[in-house]
Amino acid sequence: YLVMGDAYRGQLKNSEAYSAYRTAFDLNKTLLRSKVELGVINKMSKAFQESVDEFNSVLSIDPNYGPAYRELAETYYLWANSDAAKYSARIKQALSYYEKYMDLTDRSLDSRMRHADFLILAKEYKALEAEANEMAKIDHVNPRILRYKAYAAYENGNYDSTIQALKD
């Protein structure tokens, strides 16, 4: 049923996928990915509270299940964009969940760049500058990383660094 749910999602048949994922979890309560996928489908339909509830139920089973934190971060990001009055609080919550995800999984360059995206959205420019400088040690020619360095340096008043990052 888990594989069937994946196949249905690949065909954009979310109703059938939801049913398959739900059955997979009902048959085997250790298939946490199936429960996360239920939350992802809710998120795609903009049922943000239901999505958050689904991810939190996964975390109540296993509080160290990293993918649930990543999906919570992405859900809060989308939810923030749909409600301007609560944007700042939800973006900060998204950042917090993404950092928890990184603590539990990896600090690959892709994960760090997504983290940098959250730092920009949360306007955490000091942390962004530190993260961008660390990423630049790994990949010093990546234009996206150089753009992070430029944003952070500008917002932190380091204009010479901004100019250098943009030139690079």
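Described in the following lines is the structure provided in the data block.

Calculation rules
- Residues numbered from 1 in each chain as written.
- Predicted model: local features only at pLDDT ≥ 70, side-chain atom pairs only at ≥ 80, totals over all residues.
- Heavy atoms only, no water.
- Phe/Tyr/Trp six-rings, centres within 6.5 Å; stacked < 30°, edge-to-face > 60°.
- Helix = DSSP H or I, 4+ residues; strand = E, 2+ residues; numbered from the N terminus.
- Buried < 20%, exposed > 50% of the residue type's maximum accessible area, 1.4 Å probe, protein only.
- Axes fitted to C-alpha atoms, helices over the stretch in contact; angles between N-to-C directions.
- Parallel < 35°, antiparallel > 145°, perpendicular 65-115°, else oblique.
- Left-handed = near helix turned anticlockwise from the far one by under 90°.
- Contact = heavy atoms within 4.5 Å.
- Core = buried A, V, L, I, M, F, W, Y, C linked by side-chain atoms within 4.5 Å.
- Salt bridge = Lys/Arg side-chain N within 4 Å of Asp/Glu carboxyl O.

Let us look at the packing of aromatic side chains. Using the criterion set out here, one finds eight aromatic pairs in the structure. The interplanar angle of 35° and the centroid separation of 6.2 Å between the aromatic rings of Tyr 69 and Tyr 97 together place this pair among those described as tilted. Here Tyr 97 lies in helix 6 (residues 87-104) and Tyr 69 lies in helix 5 (residues 66-82), a separation of 28 residues in the sequence. Summarising the burial analysis for this pair, Tyr 69 and Tyr 97 share the class buried.

Turning next to the packing of helix 7 (residues 109-121) against helix 9 (residues 143-155). Following both chains from N to C, one finds helix 7 and helix 9 inclined at 30°, their axes separated by 11 Å at the closest point. By the angle between their axes, helix 7 is roughly parallel relative to helix 9. As helix 7 runs across helix 9, the sense of the crossing is left-handed. Of the residues in helix 9, those touching helix 7 at Leu 109, Met 113, Arg 114, Ala 116, Asp 117 and Ile 120 are Arg 144, Ile 145, Tyr 148 and Tyr 151.

If you look at the biggest cluster of nonpolar residues, it comprises 38 residues, and the most contacted ones within it are Val 36, Leu 72, Tyr 76, Leu 128, Met 135 and Tyr 148. Every residue in contact with Leu 72, bar those within four places of it in the chain, is listed here: Val 52, Phe 55, Asn 56, Leu 59 and Tyr 97. Listed in part, the six residues of the second largest apolar core include Leu 2, Ala 17, Leu 38 and Ile 41.

Glancing now at the environment of Tyr 87. Considering the arrangement of structural elements, one finds Tyr 87 in helix 6. With 35 residues separating them in the primary sequence, Tyr 87 and Ala 122 have C-alpha atoms 9.3 Å apart. With near-sequence residues (within four places) excluded, Tyr 87 lies in contact with Ala 80, Asn 81 and Leu 121.

Attention shifts here to the pattern of salt bridges. All told, the structure shown has 15 salt bridges when counted by the stated rule. Between Lys 29 and Asp 26 there is a salt bridge, with its nearest N and O atoms 3.7 Å apart. The exposure class assigned to Lys 29 is partly exposed, which follows from its relative accessible area of 47%. With a shortest N-O distance of 3.5 Å, Arg 70 and Glu 71 are connected by a salt bridge. Under the relative-accessibility criterion, Arg 70 is labelled partly exposed at 27%. Here the residues in one salt-bridge network are Asp 6, Arg 9, Arg 33 and Glu 37, joined through shared partners.

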